[in-house]
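# Report on the structure
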Amino acid sequence: MFLFEKFQLGDGRECKLILPETKYAEEMYNIIDNERERLGEYLPWVHSLKSAEEEKKVIEYCLQQMLDKKMFVLMILVDDKVAGMVDLHEIKINVRAEVGYWLSGEYEGLGIITRSVEYLTEYAFTELNLHKLTIRVQTENAKSASVPKRLNFFEEGVLVEHELSNGGFVSLDLYSKINN
């Protein structure tokens, strides 16, 4: 296991950010399958994932994208149990990337995503030398929008009816942070 970062939660549990491993595919898939309705409300890709074998292929794809320097993906473990993922995607070397994240409902409200995005932001600016990070959040997803707000990303604007999600067009709030 390649450990990227480790931190304690307020309740004493240990949170680890690790590079993805295919051995976690079934555990990852089970979370997605059990929380498909909740996660799928804002993450349309959730509805198309149909098996642990497909999740394994997704992890392999992410690892290849990391080798190609197009993504940087971390799995989130709480007490060595899969809890979610956080990533940089759409990486343009020395320019910008977009941040993405999702978390099992079991772990919401503990600050895990905020801390994970904070570590990822620091890595993006110091190690990858990126100039700008963006986070796109569906306008009605207040929980997700609280993450960039807590981390002092500024609201750059609204992308009106920008994405097709669950059969309809949705608007996205665009949050950004510049490496100063």
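Look a little higher up for the structure.
Structure report, in brief. Predicted, not measured: the structure shown is a model, and the values here were computed from it.

### Re the overall build of the protein
Per the secondary structure count, the protein includes five helices and eight strands. Along the protein, helices and strands appear, N-terminal first, in the series β-β-α-α-α-β-β-β-α-β-α-β-β. Over its C-alpha atoms the protein spans a radius of gyration of 16 Å, differing by no more than 12% from the 16 Å that the globule rule assigns to 180 residues. Out of the 180 residues belonging to the protein, those deemed buried represent 46%. Within the protein, the 31 negative side-chain charges are centred at a point lying 3 Å from the centre of the 21 positive side-chain charges.

### Remarks on the environment of Lys50
Structurally, the position occupied by Lys50 is in the loop between α2 (36-40) and α3 (52-67). Looking at Lys50, the relative accessible area reads 53%, which means it is exposed. Taking the C-alpha atoms as reference points, Lys50 and Leu63, separated by 13 residues in sequence, lie 20 Å from one another.

### Side note on the environment of Cys62
Among the structural elements, Cys62 can be located in helix α3. When the C-alpha positions of Cys62 and Leu19 are compared, they lie 9.9 Å apart, and in sequence the two are 43 residues distant. Not counting residues up to four positions away in its chain, the partners in contact with Cys62 are Met71 and Val73.

### Side note on the pattern of salt bridges
In this structure the tally under the stated criterion is 13 salt bridges. Salt-bridge contacts for Lys132 lead to Glu156; the nearest nitrogen and oxygen are separated by 3.1 Å. Taken together, the residues Lys132 in strand β6 (residues 132-138) and Glu156 in strand β7 (residues 154-165) connect sequence positions 24 residues apart. Residue Glu156 is classed as partly exposed on the basis of its relative accessible area, which comes to 38%. What emerges from the salt-bridge pattern is a single network uniting Lys6, Glu14, Lys16 and Asp80.

### Some points on the packing of aromatic side chains
Taken as a whole and judged by the stated rule, the model has five aromatic pairs. An angle of 20° between the planes, with centres 4.6 Å apart, marks the rings of Phe72 and Tyr123 as stacked. A residue pair is termed long-range when its members are at least 10 positions apart, and Phe72 in strand β3 (residues 72-78) and Tyr123 in helix α4 (residues 112-126) qualify at 51 residues. By relative accessible area, which is 10% here, Phe72 ends up buried. Look at Tyr123 and you get partly exposed, because its relative accessible area is 22%. Through pairs of rings, three or more aromatic residues link up here, namely Phe4, Phe72 and Tyr123.

### Things to note about the nonpolar core
Residues Ile76, Leu88, Tyr101, Val117 and Leu133 are the most contacted members of the largest nonpolar core, which totals 53 residues. In terms of residue count, the dominant contributor to this core is β3 (seven residues). When residues no more than four places from it in sequence are discounted, the contact partners of Leu133 are Leu88, Ala97, Val99, Thr121, Ala124, Phe125, Phe153, Tyr175, Ser176 and Lys177.

### Description of α3
Think of an α-helix as turning once every 3.6 residues; residues three or four places apart then point the same way. Taking 1.5 Å per residue as the helical rise, α3 with its 16 residues ought to reach 22 Å, and the 23 Å between its terminal C-alpha atoms agrees with that figure. The set of residues buried in α3 consists of Glu55, Ile59, Cys62, Gln65 and Met66. End-on view of α3: buried residues confined to an arc of 120°, all on one side of the axis. Among the exposed residues of α3, those oriented more than 90 degrees off its buried face are Lys57 and Leu67. Along its buried surface, α3 packs onto α1 (25-34) and β3. Of the residues one or two after α3, Lys69 is the one with positive phi, at around 60°.

Procedures and definitions
Note that residues are indexed from 1 along each chain, following the sequence as it is written. For this predicted model, a pLDDT threshold of at least 70 governs which residues receive local features, and a threshold of 80 or more governs which side-chain atom pairs are given and counted, while totals over whole chains, interfaces and linings are taken from all residues. Think of the side-chain values as coming from all heavy atoms in the structure, minus any hydrogens and water. Helix and strand definitions here come from DSSP, where helices need a minimum of 4 consecutive H or I residues and strands a minimum of 2 consecutive E residues; each element is numbered from the N-terminal end. Two things to know: the radius of gyration comes from C-alpha atoms, and the globule rule equals 2.2 Å times the number of residues to the power 0.38. Burial classes follow relative accessibility: with a 1.4 Å probe on protein chains only, a residue under 20% of its type's maximum area counts as buried, one over 50% as exposed, and anything between as partly exposed. Positive residues here are Lys and Arg, negative ones are Asp and Glu, while His and the chain termini are left out of the count. A single reference atom marks each charge: NZ on Lys, CZ on Arg, CG on Asp, CD on Glu. Note on definitions: a residue-residue contact is assigned when non-hydrogen atoms from the two residues lie within 4.5 Å. The working definition used for a salt bridge is a side-chain nitrogen of Lys or Arg within 4 Å of a carboxyl oxygen of Asp or Glu. Ring pairs shown here join Phe, Tyr and Trp side chains whose ring centres sit within 6.5 Å, with only the six-membered ring taken for Trp; geometry is labelled stacked below 30 degrees between planes, edge-to-face above 60, and tilted in between. To qualify as a nonpolar core, a set must consist of buried Ala, Val, Leu, Ile, Met, Phe, Trp, Tyr and Cys residues joined through side-chain atoms within 4.5 Å. To estimate how far a helix should reach, multiply one less than its number of residues by 1.5 Å. Arc definition: directions from the helix axis to the C-beta atoms.

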